[in-house]
Amino acid sequence: MTYLVALICVMGIAAGQILFKLSANSLHKTGSFFDPSTLLTVFSAFALYGITTIAWIWVLQKADLGKIYPLMALAFVIVPIGSYLFFQEKFNPQYFIGVMLIVAGIVIAVRS
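The structure presented is a predicted model; accordingly, all values stated were derived computationally and were not measured.

**Q** If you had to explain the overall build of the chain to someone new, which residues and values would you point to?
**A** A tally of helices and strands in the chain yields five helices and zero strands. Taking the principal axes of the C-alpha coordinates as reference, the chain spans close to 50 × 35 × 15 Å. Evaluated residue by residue, the chain yields a buried proportion of 29% over its 112 residues. Of the contacts made within the chain by residues no fewer than 6 positions apart, 72% connect residues no fewer than 24 positions apart. Of the roughly 7400 Å² of accessible surface on the chain, 74% is carried by carbon and sulfur atoms.

Here's what the structure looks like:
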């Protein structure tokens, strides 16, 4: 259960990053933080980060930080996938080699 909540936290952090990018795009388009669409996106990102932080504190009550923290590196895998899907960002082949190394490092760290 603890690892499941930790993975949900990672997904929340990654989704928050996507929301922050959407906020930045909205701000660029509207030129104002006070535009309703910009405010909604920014506050959604903050709310998601807040909920995720509370859940992460719960996870840290149940697990050792050194064992669970490597899962946070999954955000470095999830966020680029989201940036590709939502913003059509492109990545070169070396990037995917780096992502594979991150995943391998996470597997090694969590299993140790």
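**Q** A description of the packing of aromatic side chains should follow, citing residues and the corresponding values.
**A** Evaluation of the coordinates by the stated rule reveals seven aromatic pairs. Arranged with centres 6.5 Å apart and planes meeting at 50°, the rings of Phe-86 and Phe-87 form a pair that is tilted. A residue is classified by how much of its surface remains accessible, and Phe-86, at 53% relative accessible area, is exposed. Members of the aromatic cluster, joined through ring pairs, are Phe-20, Phe-43, Phe-46 and Tyr-49.

**Q** Any chance you could break down a nonpolar patch on the surface for me, citing the residues and the numbers?
**A** Together, Met-1, Leu-4, Ile-8 and Trp-58 give the surface a local cluster of nonpolar side chains, amounting to about 450 Å² of exposed area. Checked against the element boundaries, Ile-8 lands in helix α1 (residues 2–30). The exposure class of Ile-8 is exposed, given its relative accessible area of 53%.

The rules we used
Residues numbered from 1 in each chain as written. Predicted model: local features only at pLDDT ≥ 70, side-chain atom pairs only at ≥ 80, totals over all residues. Heavy atoms only, no water. Helix = DSSP H or I, 4+ residues; strand = E, 2+ residues; numbered from the N terminus. Buried < 20%, exposed > 50% of the residue type's maximum accessible area, 1.4 Å probe, protein only. Contact = heavy atoms within 4.5 Å. Areas by Shrake-Rupley, 256 points an atom, 1.4 Å probe, with all protein chains shown as cover. Phe/Tyr/Trp six-rings, centres within 6.5 Å; stacked < 30°, edge-to-face > 60°. Patch = residues over 30% accessible without salt bridge, like charges linked within 9 Å, V, L, I, M, F, W, Y side chains within 5 Å. Salt bridge = Lys/Arg side-chain N within 4 Å of Asp/Glu carboxyl O.

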